[in-house]
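Results of the structural survey
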Amino acid sequence: MSQHKLTTRIVHDGEHPERNRLGAPTVMPIVSSATYVQTNAEGIDWGFANVNESFTYIRRGNPTVQALEIAIASAEETKGAIATATGMSAMFLAIQTALYTPSPKNKTKRVLCARDVFGSTFTLLKDVFALQGYETLLCDTTNLAEVAQVMVKQQPDVLILEAISNPMLKVSDIPALTAMAHEIGARVIVDATIATPVLRRMVHDGVDIIMHSATKYLNGHGDIAAGAVAINDPELLKSAQKFLRLIGLNLAPYEARMVSRGMKTLTLRMKQQCANANAVATWLTQQPAIKTVFHPSLPSHPQHELCKRLFNGHFGAVVSFELVNASRSAVFGLMDRCKIITPTTSIGDIYTLMTYPAISSHRDIAPEERAKQGITDGLVRLSVGIEDVEDIIADLAQALS
Ligand SMILES: *Cc1c(COP(=O)(O)O)cnc(C)c1O
């Protein structure tokens, strides 16, 4: 990592691979090759022995993917990063790596997971890791007293949470929770997809594995799928690399190049999107058709002060709100009347996206259980984009009227 500021680092780090060679490309090329030649057989032997310093076979490493990994590690200020095929493969790798570390506790391994974690992360724990004998416990990570109680009693091995959750936009106290987990010897995985390194570099809180769905803000343009983990501890990093190369969760070179390119504007996009989201959230609070607005920028948000303290003056760019008329037909009408805002799933694109969790991310959860989490039939999620905020608000105004 260079000594420059984040915005400078994400523009340059991992780029200019052969800066001193006459006529070399400025931009890291898409190296589309499954195998790599060496000068002689000794070189091949050396390449297999020194997997991080040479390239032998695509599943063991690729120059374009490595360039992205350098950029992500630089952005997160960790010793290393690993790019994966999707956000979910990054989460799988993160959990597998955290659980693999031999436990001195000599018991069934337990994962303590935030109750409102991304739906597929919960399903991964329930349907995949549970079958391998790992237990999952859920708790409200915004309630430090509850977490402390569960930790002392259940002695989990891994804590999984999101810096900012969705669609309810709850903010967890990452430094305090990491300190609590480390006190009982548990590893901490934070899904930093919505926060991004622009809001906080959580390696300085001691977070063991910082995970991203790079499909979202890191790439930012909604045109590829990718994931990443950023890890500071050399032993954990080595385990994660070993699993990646064995299982083949690798990101492909073209997708890696797309994320490298998208990331160059990450700070510009995030600042604009966060500012737009603040304005949209405030405007929504003044609309008679809206019952409740969820965004950490609002003074009424329970973690408004915490967010101010943790996130560098930003509050994230996802906003949720509940219609007074909390019905499926009212939400469908709103979605159908939007002209610029795109009714589609996902977050983190340059476009403003509108999602109805009841029919998408939370479709398979019983209505009563959904309601308990605050995800009613009137809840709508907006991922605010980089458009002119006046146009976003005008589109919402005409769609609500
Ligand atoms: C999208 C998302 C994921 C999963 O990422 P994919 O790239 O879709 O596999 C995980 N966590 C969060 C918070 C997400 O938004």
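Anyway, here's the lowdown on the structure attached to this text. (Residues numbered from 1 in each chain as written. Predicted model: local features only at pLDDT ≥ 70, side-chain atom pairs only at ≥ 80, totals over all residues. Heavy atoms only, no water.)

1. Some points on the packing of aromatic side chains
Two aromatic rings, taken as a pair, are described by how far apart their centres are and by the angle between their planes. The cut-off we apply is this: Any two rings among Phe, Tyr and Trp, with Trp reduced to its six-membered ring, count as a pair given centres within 6.5 Å; such a pair is stacked if its planes are under 30 degrees apart, edge-to-face if over 60, and tilted if neither. The helix count covers DSSP runs of H or I at least four residues long, the strand count covers runs of E at least two residues long, and both are numbered beginning at the N terminus. Consider the ring centre and the ring normal. A charge sits over the ring if Lys NZ or Arg CZ is within 6 Å of that centre and within 35 degrees of that normal.
For the structure shown, the criterion picks out 5 aromatic pairs. Geometrically, the ring pair formed by phenylalanine 332 and tyrosine 356 is edge-to-face, given 5.9 Å between the ring centres and 85° between the ring planes. Linking phenylalanine 332 in helix α13 (residues 328-337) with tyrosine 356 in the loop between β11 (353-355) and α14 (367-372), this pair joins segments that are 24 residues apart in sequence. Aromatic rings pair up to connect Phe92, Phe129 and Tyr134 into one cluster. Between the NZ or CZ atom of lysine 242 and the centre of the ring of phenylalanine 243, over which it lies, the distance is 5.4 Å.

2. Re the pattern of salt bridges
Which entries qualify depends on this criterion: A side-chain nitrogen of Lys or Arg and a carboxyl oxygen of Asp or Glu constitute a salt bridge if their distance falls within 4 Å. The buried label goes to any residue with under 20% of its type's maximum accessible area, the exposed label to any with over 50%, and the partly exposed label to all in between, with areas taken from a 1.4 Å probe on protein chains only.
Going through the model one piece at a time under the given rule, you end up with 14 salt bridges. The salt bridge partner of lysine 308 is glutamate 305, with a shortest N-O separation of 3.7 Å. Note that lysine 308 and glutamate 305 are positioned in helix α12 (residues 304-310) at a spacing of 3 residues, about one turn of the helix. Given a relative accessible area of 43%, lysine 308 falls into the partly exposed group. Exposure remark for glutamate 305: the relative accessible area of 53% places this residue in the exposed category. Each of Arg9, Glu77 and Arg201 takes part in a single network of salt bridges with overlapping partners.

3. Description of the environment of isoleucine 210
What counts is decided by this rule: Throughout, a contact is declared for two residues whenever any of their heavy atoms are within 4.5 Å.
Looking at where isoleucine 210 falls in the secondary structure, it is placed in strand β6 (residues 209-213). By relative accessible area, isoleucine 210 is classed as buried at 0%. Along the backbone, isoleucine 210 and methionine 91 are 119 residues apart, and their C-alpha atoms lie at a distance of 9.5 Å. Setting aside residues up to four positions removed in sequence, isoleucine 210 forms contacts with Glu76, Thr78, Val190, Ala192, Met202, Val203, Ala228, Val229 and Ala230.

4. Some points on the site of the ligand
The condition that has to hold: By convention in this text, a residue qualifies as near a molecule or strand provided that one of its non-hydrogen atoms is within 4 Å of it. Under this definition, polar contacts are N or O atom pairs within 3.5 Å; protein pairs additionally need one hydrogen-donor-capable and one acceptor-capable atom, and for neighbouring residues in sequence, both atoms have to be side-chain atoms. Reported accessibility uses the Shrake-Rupley method at a 1.4 Å probe radius. Residues are deemed covered only where the shown protein chains occlude them. Two kinds of site are reported from a 1 Å grid over the protein atoms alone, namely cavities, where a 1.4 Å probe fits but cannot get out, and pockets, open sets with protein on both sides within 12 Å along at least five of seven lines, and residues are called lining when an atom falls within 4 Å of a point. Pocket or cavity membership: a molecule qualifies when more than half of its atoms sit within 2 Å of the grid points of that site.
Taken together, Thr86, Gly87, Met88, Phe118, Asp191, Thr193, Met211, Ser213, Thr215, Lys216, Ala226 and Ile347 are the residues near the ligand. Between the ligand and serine 213, the relevant distance is 2.8 Å, taken from an oxygen atom to a side-chain nitrogen or oxygen of the residue. The separation between an oxygen atom of the ligand and a polar side-chain atom of threonine 215 is 2.7 Å. For the ligand, the accessible surface in isolation is 380 Å², of which the surrounding protein chains cover 87%. Among the cavities detected, the one that contains the ligand is the largest pocket. Elements represented by at least two residues in the shell around the ligand include exactly α4 (87-100) and β6.

Function cannot be read off these values alone, since they describe shape.
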